[in-house]
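# Commentary on secondary and tertiary structure
Here are the chains, one letter per residue:
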Amino acid sequence: MGNSYAGQLKATRFEEVLHNSIEASLRSNNLVPRPVFSQLYLEAEQQLSSLEGGSRVDNEEEEEEGEGGPDPNGPPNPYQLPPAPEGCCTTDGFCQAGKDLRLVSMSSEPVDVPAGFLLVGAKSPSLPDHLLVCAVDKRFLPDDNGHNALLGFSGNCVGCGKKGFCYFTDFSNHINLKLTTQPKKQKHLKYYLVRNAQGTLTKGPLICWKGSEFRSRQSSTGTCNSSLFPPLESSGPLAAFPSEPVPGTNPGVPMGAQQAGPASDHPSLTSASGPAVFNGKDSPKHQQLAKSSLSALPRPSALGILPNSGPPKKRHKGWSPESPSATDGGYPQSSGNRAKCEGAGVSCVPQAGLVGPASVSFPVVASGEPVSVPDNLLKICKAKPVIFKGHGNFPYLCGNLSDVVVSPLLYTCYQNSQSISRAYEQRGASSIQPISEEMQLLLTVYYLVQLAADQVPLMEDLEQIFLRSWRESHLTEIRQYQQVPSQPYPPAPSTAAPVTSAQLPWLAGLAASSCNDSVHVIECAYSLAEGLSEMFRLLIEGKLAKTNYVVIICACRNAAIDSCIAVTGKYQARILSESLLSPAEYQREVHYELVTGKVDSLGAFFSTLCPEGDMDILLDKFHQENQGHVSSSLPASSVTQAAALDVSGTPVCTSCHLEPRGVRPFQLAVAQKLLSHVCSIADSSTQNLDLGSFEKVDFLICIPPSEVTYQQTLFHVWHSGVLLELGLEKEPMTKQRVEQYVLKLDAEAQTRFKAFLQNSFQNPHTLFVLIHDHAHWDLVSSAVHNLYSQSDPPVGLVDRLLNCREVKEAPNIVTLHVTSFPYALQTQHTLISPYNEIHWPLSYSNGVDLYHENKKYFGLSEFIESTLSGHSLPLLRYDSSFEAMVTALGKRFPRLHSAVIRTFVLVQHYAAAMMAVSGLPQMKNHTSVETLEITQNLLNAPKQCPCGHGLMVLLRVPCSPLAAVAYERLAHVRARLALEEHFEIILGNPSSGITVGKHFVKQLKMWQKIEDAEWRPQTYLELEGLPCILIFSGMDPHGESLPRSLRYCDLRLINSSCLVRTALEQELGLAAYFVSNEIPLEKGAKNEALESDGEKLSSTDNEDEELGTEGSTSEKRSPVKRERSSSHDSASSSLSSKASSSALCSETSAQVSGPPQRDQARSPPPCGPAEEARATGEKPWLRTSQGPPMVISRHGPGHPPPPDCGLRTSQRGLQVSVTASSQLPSLGSTAMSTAPATGTLVLQASQCSVTKACRQPPTVFLPKLVYDVLVSTDSSGLPKAASLLPAPSVMWTSSFRPLLSKTMTSTEQSLYYRQWTVPRPSHMDYGNRAEGRVDSFHPRRLLLSGPPQIGKTGAYLQFLSILSRMLIRLTEVDVYDEEEINTSLREESDWHYLQLSDPWPDLELFQKMPFDYIIHDPKYEDASLICAHHQSIKSEDRGISRKPEDLYVRRQTARMRLSKYAAYNTYHHCEQCHQYMGFHPRYQLYESTLHAFAFSYSMLGEEIQLHFIIPKSKEHHFVFSQPGGQLESMRLPLVTDKSHEYIKSPTFTPTTGRHEHGLFNLYHAMDGASHLHVLVVKEYEMAIYKKYWPNHIMLVLPSIFNSAGVGAAHFLIKELSYHNLELERNRQEELGIKPQDIWPFIVISDDSCVMWNVVDVDCAGERSREFSWSERNVSLKHIMQHIEASPNITRYALLGMRKWASKTRGGEVREPFSRCHVHDFIILNVDLTQNVQYNQNRFTCDDVDFNLRVHSAGLLLCRFNRFSVMKKQIAVGGHRSFHITSKVSDSSAAVVPAQYICAPDSKHTFLAAPAQLLLEKFLQHHSQRFFPLSLKNHSHPVLSVDCYLNLGSQISVCYVSSRPHSLNISCSDLMFSGLLLYLCDSFVAASFLKKFHFLKGATLCVICQDRNSLRQTVVRLELEDEWQFRLRDEFQTANAKEDRPLFFLTGRHI
């Protein structure tokens, strides 16, 4: 019975199914298990993959190649390997008898196979890359349908010959499979083994256990719908696996039998088998995905699921037949396409190490009767038909399989279109039906019908047609989701009534009836097999000669259809079959054809074409005739060079000069964008980059393994000066040193990269920028590389190095990917955040030139534009005669790859053109016009320049073996023609450098003025001006730049079948160019239509050379065509008539009568399609926008001919190249005007070709196919090329995606690709999303993209420079650098402290020193001088006071590098102070508690309520009533403590408006020592300060002080500190400590103190005047501990230090201590100053005021002159945060200080500012209004009682204190010019004022809180006795009453 269980019920089977069903239902989250009975009774063919295979998306390979453990979803199943017999062999790959069983070693061995046995390949988990050969009885193997395999096993060992193994377990032990799971034949016998044509044993098709090739059908019972697997949404997570590329993707596996794996055929398999990952590895993650993305679809027939038949399973393990094992011999380029085409006719590449034709192939297992492929199919058809599977079953093919190619691409396309886009589903549109199969097929027929004869079908087009049709049919449902742009596709048939399968063949036939048999429809009755057989018959009989596509439809069974489409057109079939090859296969195929000599037939054919005899014979003959002398028709360049010599005798080219190198505005803009992105990463709250912790920048540039790119990058790095600027190298640099910074990603890269990582690890304070240039190259996953370890080392290297864990985790490495083609890095799985992408800016925005540059970039879009804009000759062209010859030869040699044919034809054309130009005119018929033009210009250009500068021709030959052939052939022809010294031929290979002949090296050295004898050109840029053909090989360009002398870019040989956006743009990027901006390009192009002679010209006329757009139907703008005048079939056509000028004239007159040029371009051509015109031999009318070509006689009188005409010495008449039609209307004004009226042709002709090249981009020749793709656009104007698959290593998530739009910016394009593409499994980003992080972007990764050759290298090198400058700038601060003021006013008396070497002040000495009243701090430059009794200041002494307009001039600063002892703001995060700052990720954000602290103060008349915010980590500084209870006091140390571990004095820093910029991080300044630091903040700023400084103690001022100045903060700090001192004394007294032992000092520090310095003085002797000193940076800890250790310190009231200045003079630091004012950073004794208060109302000068009070109270102020503080300039906050504005909101006018006061009760505008601030500001600027006599009258100052107010720099004040026993200066001999009484208290009495003498006319100003107290004060002080008051002399500050203005009264002394 075999294994067919249809309709039977067996107990074991029942138990098994029941068990599986229960197990599946337990596991399943969203599937209803199938009823057990229906599962058992359903016919095997009609089952879908049964539950066991379905609900567990299981992959058998997992065990085999994976960890070897049991199935993660199945029950545990340990398998014990029985021990091997004693002494037997246990080596993998050998049997126990020790015989080798591996296929590689047995492939050529004779193997004895008994009758009835077959050779099969077994897979061993320990040898994933090998198959073991076994002989198995075929009865125990399945038949072609996957059925009827007997249970059990019978096999023999082919190694030792042992026979009769009856159990597979025994057999697997014998052949050492070493299984960890139960041995099963289904799992381990994988492939049939077959002999190929050479008799070698090779891997054949998969053994089809369980009929895996079938697509199941549902019978009408529909009982099992519940477990159907609909196709997954292709945008879903598993869409990665339709393993078929669209045409032109980069499908990589060699097309071997391994691809016959069924998984390759059915993308919907992804639903059944989970991801087809390499080696079939799978994981539960994928299975979950598979389950969760299933959804039931209504039509079972739409499902592509395989039935699961075959032997029943043991132990209930699900086994899915779809698991691909297609890894052997695969190559890493496989990009996840397990099989693009499978065995049937797949050009199969044999196993590694075997040589054989690349066209052997193996059948796919399929249903029904086999179809035999006829033997001589290829010979008869001249092309291998490509059969695309469509819907349904595909029959089994047998016979001559090498002559057909079977591809699943169309099937994939259908499947993708069946899946409705997630975008619609998410919006609740789940009811929308997918497009039906019938409709898909019908639309496909419509599409094929409208394809032109020279067009190839594109899957992208088809997908868009399906999308459009689907949208139209569901317009109502989706209208609200998306607007539909119209598409340039044939109209879809109306879908009002659905097409039934019965109507389908008829409708398809009807559609095809109009296309002249280009599409042939075959209808079958039973299966596709009969249709295929019929097609093969018709092909053999030659009845399909005109047919390009055969559509086979079988619509018989149950309304479901089977279909396939065969491409039989020779052109289309060849291109499609070649497009299915991966680059590696393409190379191998070509190599094989060259090695085996298949191409010899091509050479033989060429020799028959030449009527004059073989080309080589002609060459030899020519060589003998001309031996010994130079060709007469072509004088050598050295001869012509004598034309223009300068005085020294060397030739000079006036026009060719290299422009100076420099950074262009664009590059600078991009560098700045890069920098701002890096800064934004640093600024983000994630703390992924701490720029503040880096001191320098280092870098490594990784580039592809191309020697030229490597040298080019070294050159850029060297010349940019970046190494010197970053301080990485010093002059003189050597090349070896520069090489350290550029890494070629080749075999040696790993070692150097490790060194780089080591370096980054050892230098945590260096920011390393890892630049990955040309970043779209080698995106292969390193996991793939590991499978193919024998392959090229570079494969997967980028992933292995740049994505390694060390790079990802290093906090000091930023990775910058740089590429022109970023698409493969813009997928759903990318590591690069869209916010970290930087795109090259557009040069124009809304018509404005954003960055003015003297050069215009000319890239792909400009090239495409040139085909439309009516240039005389478009810069993109194709060569029709070349294409025609290639097509003809393709038919003649169907077995040769078209790349081989194209290369040989092109080389032949170049050879013939060289011969033609060198004096064999008969050879013109054997080349094309285009090639002749290139060759003529190449050879003639050096003659037009006195130096011999020539032009470069780039000949792109991607395949290296073909490039070598082309090089040899062209070099041979050049040698025979004696042209070796005329031009060089260079073979450019990525792996090797440039080789240039000695003669040309000498020329280059002369041109570039190079003296070095050893110099050789190493980059293409150094070939500037060299006449040469550069044969550029390598599958991909690697970023090599080409010189400006490049004139022709010949891309006719690029792999035109590879239609991927990256590949196309990369090839065209070679021609990208900067054109001089001086000449508008249009004009430049017209002037230089062609550099050629008249003969070339005549041929141009005949050839319709100028392109335009072909008028075709409005629906489809077909690509531009250029036609020959007669037959296209032979290369020799139509060129013979061109020798005489008469031909030119006749042609011209014929064409002048053509239709008017403008309308012609837009209207359809008068005659039919080009093909017909060509066939009839008539000349088609001009289809281009050209006007009549002109001969010289046509130029009007006075117009000289165009500038490009050359003067020819040969017999041909003087002729001129064609000028563009578009210049006809204005000939005189445009093109003609450039030539001087008197100029002769000779002068004009001798212009250097390099100069011309600078003005015009190169001309690019393309294959016709590529040209058509480039110039065709969609309805929105978007070039078709842009909508192709973006890169070979990615795929679309869904065919239901919106189209790219022409208006999209680079950023929008990036977002589009990020939404609609996913990487293939081989892509390095493939596993990124699986890491389980929601945020899968790497934070320190950036992507810079910009067009090719635009200057990205210069931009990123500039970025490194400015990044380095910024880091240095980050480690630098601007500190105030001002000299002390008023130093000249000191008197050299006895008031110096003369003990110069004292470390601390001696109290006795110090007390004897007088106090220096003069302010020396430069910030008080504009403040009033304070007079002392001994000063006699003349008004001119104070010369430094600024003019009023200079008051706001920026203060002088110096830039200083931050030392390790600096104070920092919130932007600094280093490892050491993370904890200090409270931002360390390991610590919870610091919790704080709010504590109220109240004390009463009599002066305020109320209790003061302060709040402390105390972080948990700082609570040990405080005393609480109980833990978490009432705050009692702040702990204070003892005077007697001598510990060096902490700072005794608490530091208070009042601050406002500087939560980010205030320097509160004192961790480094204190050198890590313990200290207590309190920020004093206003209530309204509490929250923001707490956010930025979570680990700092805050003292929050009461809300009444929200608008107060710094005086209030100082006042409260001091009062709080005294109150706390009292509390601490009381607390510690209980502990037995004396009150005077409690430490009484606090520090009050500004929030801008950044660094502290000490002066080291070397005194020669005690009294000596000779001393030297130096200044160094020290920690604040050092200074504080020094000061705190001063003897008798508690006797000093105030201690301070100097402010730093760079110009500090020796005299200022000579005395170590001064008794004078102290500012900015003061150490205050709160005990001694208990009765001296800060003025809480003050905004400015409150420290001067306080200093004077302290001194007048008889207390000591000491300044340590040898310590200095640096103050950082902070542009925000502080006193700047007080703005004086009008209270009237709409008044925007600035308020000037004169308006700060007004008369009481006046209508003056009130101001929104505190009264005290208005008073101080008014007095500072306008005090002369109150004290006119005092102005500049320093000998008669203003007497200021009990306060110091700044009256401006031109008025001096004398401070006196009214307190009893205070120290005041002697005023008996002073006459004062004014009296200032400010809020005077009861100590000021009338008797006190009577002691002072005033000048007559002196003025008085009394200031009080209100008018009432003003009057009381006048009365109490008896002021009216001596002062005269007037009513109008009363004023107030300009405040409203509720703001409590201050009132003034002024009077004059009587």
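Residues numbered from 1 in each chain as written. Predicted model: local features only at pLDDT ≥ 70, side-chain atom pairs only at ≥ 80, totals over all residues. Heavy atoms only, no water.

In terms of helices and strands, the protein chain carries 57 helices and 55 strands. The long-range share in the protein chain, meaning contacts at least 24 apart out of those at least 6 apart in sequence, stands at 76%. Approximately 74200 Å² of the protein chain is accessible, and the part contributed by carbon and sulfur atoms is 54%. (Helix = DSSP H or I, 4+ residues; strand = E, 2+ residues; numbered from the N terminus. Contact = heavy atoms within 4.5 Å. Areas by Shrake-Rupley, 256 points an atom, 1.4 Å probe, with all protein chains shown as cover.)

For the rest of this paragraph, the subject is the sheet that holds strand E10 (residues 519-524). The sheet built from five strands is open, its strands ordered E9-E7-E12-E11-E10 with mixed pairing. The open sheet terminates on both sides in strands that have one partner only, identified here as strand E9 (405-407) and E10. The average angle at which neighbouring strand axes cross in this sheet is 20 degrees, direction not considered. Of the strand pairs in this sheet, strand E7 (residues 386-389) and strand E12 (residues 562-567) are connected by four bridges, and their pairing is antiparallel. Within the sheet, the bridge partner assigned to Val386 lies in E12 and is Val567. (Pairing = 2+ DSSP bridges. Axes fitted to C-alpha atoms, helices over the stretch in contact; angles between N-to-C directions.)

A word on the packing of helix H11 (residues 409-418) against helix H14 (residues 459-473). Helix-helix packing is characterised by the crossing angle of the two axes and by the distance between the axes. For the pair H11 and H14, interaxial distance at closest approach is 10 Å and the crossing angle is 25 degrees. Our classification of the angle between H11 and H14 gives roughly parallel. Regarding H11 and H14, the two cross each other, and that crossing is right-handed. In contact with Leu409, Leu410, Cys413, Tyr414, Asn416 and Ser417 of H11, H14 contributes Met459, Leu462, Glu463 and Phe466. Grouping the constituent residues of the contact of H11 with H14 by class yields seven nonpolar, two polar and one charged. (Parallel < 35°, antiparallel > 145°, perpendicular 65-115°, else oblique. Left-handed = near helix turned anticlockwise from the far one by under 90°. Nonpolar A, V, L, I, M, F, W, Y, C, P; charged D, E, K, R; others polar.)

The next point concerns the confidence of the model for the protein chain. Here the protein chain shows a mean pLDDT of 77. Residues at 70 or above account for 71%. Segment residues 1-11 is flagged for pLDDT under 50; beyond a separation of four residues in sequence, or across chains, it makes 19 contacts in the model. A low-confidence stretch, residues 28-77 stays under pLDDT 50, and its non-local contacts, those more than four residues away or across chains, total 169 contacts. (pLDDT = per-residue confidence, 0-100.)

Now for helix H18 (residues 570-579). The buried count for H18 comes to eight of 10 residues, which makes it a mostly enclosed element. Listed as buried for H18 are Gln572, Ala573, Arg574, Ile575, Leu576, Ser577, Glu578 and Ser579. (Buried < 20%, exposed > 50% of the residue type's maximum accessible area, 1.4 Å probe, protein only.)

Further remarks concern the pattern of salt bridges. On inspection of all chains with the given rule, the structure shows 59 salt bridges. Measuring nitrogen to oxygen at the nearest pair gives 3.1 Å for the salt bridge that ties Asp100 to Arg102. Given the relative accessible area of 23%, Arg102 is considered partly exposed. Note that Arg1738 is salt-bridged to Asp1745, the shortest N-O span being 3.7 Å. What makes Arg1738 buried here is its relative accessible area of 0%. A relative accessible area of 0% means that Asp1745 is categorised as buried. One salt-bridge network, held together by shared partners, links Asp1417, Lys1419, Asp1646, Lys1699, Asp1720 and Lys1767. (Salt bridge = Lys/Arg side-chain N within 4 Å of Asp/Glu carboxyl O.)

What follows deals with the packing of helix H33 (residues 898-917) against helix H34 (residues 929-940). Between H33 and H34, the least distance of the axes is 9 Å, while the angle of their chain directions is 50 degrees. What the angle tells us is that H33 and H34 run oblique. Here H33 and H34 pass one another in a crossing that is right-handed. Contacts between H33 and H34 involve Leu906, His909, Tyr910, Ala913, Met914, Ala916 and Val917 from the first element and Thr931, Leu932, Ile934, Thr935, Gln936 and Leu939 from the second.

What follows deals with the nonpolar core. Among the nonpolar cores identified, the biggest contains 115 residues, and Phe1508 and Leu1877 are the most heavily contacted of them. Other than its neighbours up to four places away in sequence, Leu1877 contacts Val1841, Val1884, Leu1889, Leu1900, Cys1901, Val1902, Ile1903, Leu1917 and Leu1919. The next biggest cluster of nonpolar side chains, apart from the first, holds 96 residues, and it includes Leu504, Ala573, Cys945 and Val1250. (Core = buried A, V, L, I, M, F, W, Y, C linked by side-chain atoms within 4.5 Å.)

This part covers unusual backbone geometry. The linkage connecting Glu731 with the following residue, Pro732, adopts the cis geometry, with an omega of -10 degrees. Looking at the element boundaries, Pro732 is found in the loop between helix H25 (722-725) and helix H26 (735-739). Even without a glycine there, the phi angle at Asp1720 is positive, about 65 degrees. Here Asp1720 falls in the buried class, since its relative accessible area comes to 8%. A positive phi angle, close to 65 degrees, is found at Asp1801, a residue other than glycine. By relative accessible area, which is 70% here, Asp1801 ends up exposed.

Next up on the list: the environment of Arg1940. Turning to its location among the elements, Arg1940 is positioned in the loop between strand E54 (1923-1933) and strand E55 (1943-1949). With a relative accessible area of 62%, Arg1940 lands in the exposed category. Remark: the alpha-carbon pair of Arg1940 and Ala1811, spanning 129 residues in sequence, is separated by 7.0 Å.

Counting across every chain of the model gives 40 aromatic pairs. Look at Tyr1734 and Phe1746: their rings are 3.8 Å apart centre to centre, the planes differ by 10 degrees, and that puts the pair in the stacked class. Separated by 12 residues along the polypeptide, Tyr1734 in the loop between strand E45 (1721-1725) and helix H54 (1742-1752) and Phe1746 in helix H54 bring together distant segments of the chain. According to the relative accessible area criterion, Tyr1734 is buried, its value standing at 4%. Against the face of Phe882 rests Arg1052, its NZ or CZ located 5.5 Å from the ring centre. The ring centre of Trp1292 lies 3.8 Å from the NZ or CZ of Arg1297, which sits over that ring. (Phe/Tyr/Trp six-rings, centres within 6.5 Å; stacked < 30°, edge-to-face > 60°. Lys NZ or Arg CZ within 6 Å of the ring centre and 35° of its normal.)

Counting through the fold element by element, Ser693 comes out in the loop between helix H23 (665-683) and strand E13 (696-703). Within the structure, the side chain of Ser693 is placed 2.8 Å from the backbone oxygen of Asp690, a separation counted as a polar contact. (Polar contact = N/O pair within 3.5 Å; in protein donor to acceptor, adjacent residues only side chain to side chain.)

With that settled, consider the environment of His1038. Structurally, the position occupied by His1038 is in the loop between strand E24 (1028-1032) and strand E25 (1046-1050). For His1038, a relative accessible area of 9% puts it in the buried group. Counting along the chain gives 329 residues from His1038 to Thr709, while the straight-line C-alpha distance between them is 6.8 Å. The residues contacting His1038, other than those within four sequence positions of it, are Pro704, Ser706, Thr709, His774, Trp777 and Pro990. Within the structure, His1038 has its side chain in polar contact with the side chain of Trp777 (distance 3.3 Å).

Once that is clear, we can look at the sheet that holds strand E21 (residues 876-878). Spatial strand order, E21-E27-E25-E22-E24-E23: six strands in an open sheet with parallel pairing. Each edge of the sheet is formed by a strand with only one pairing partner; in this case those strands are E21 and strand E23 (984-988). Going from strand to strand, the sheet's axes swing by 20 degrees on average, the running direction of each strand aside. As paired strands, strand E22 (residues 952-956) and E24 are joined by five bridges and run parallel to one another. Considered in E24, the bridge of Val953 is made with Ile1029. Together, E22, E24 and E25 form the strand contacts of H33, whose direction differs from that of E22 by roughly 155 degrees. Strands in contact with helix H35 (residues 960-976) are E22, E23 and E24; relative to E23, the strand with the most contacts, it is inclined by about 170 degrees.

For helix H37 (residues 1061-1068), a buried count of eight out of eight residues is recorded, marking the element as mostly surrounded by other parts of the structure. Here H37 has its buried residues at Arg1061, Thr1062, Ala1063, Leu1064, Glu1065, Gln1066, Glu1067 and Leu1068. Close packing links the buried residues of H37 with helix H31 (860-866), E21, E22, strand E27 (1259-1262), helix H45 (1264-1271) and helix H46 (1306-1316).

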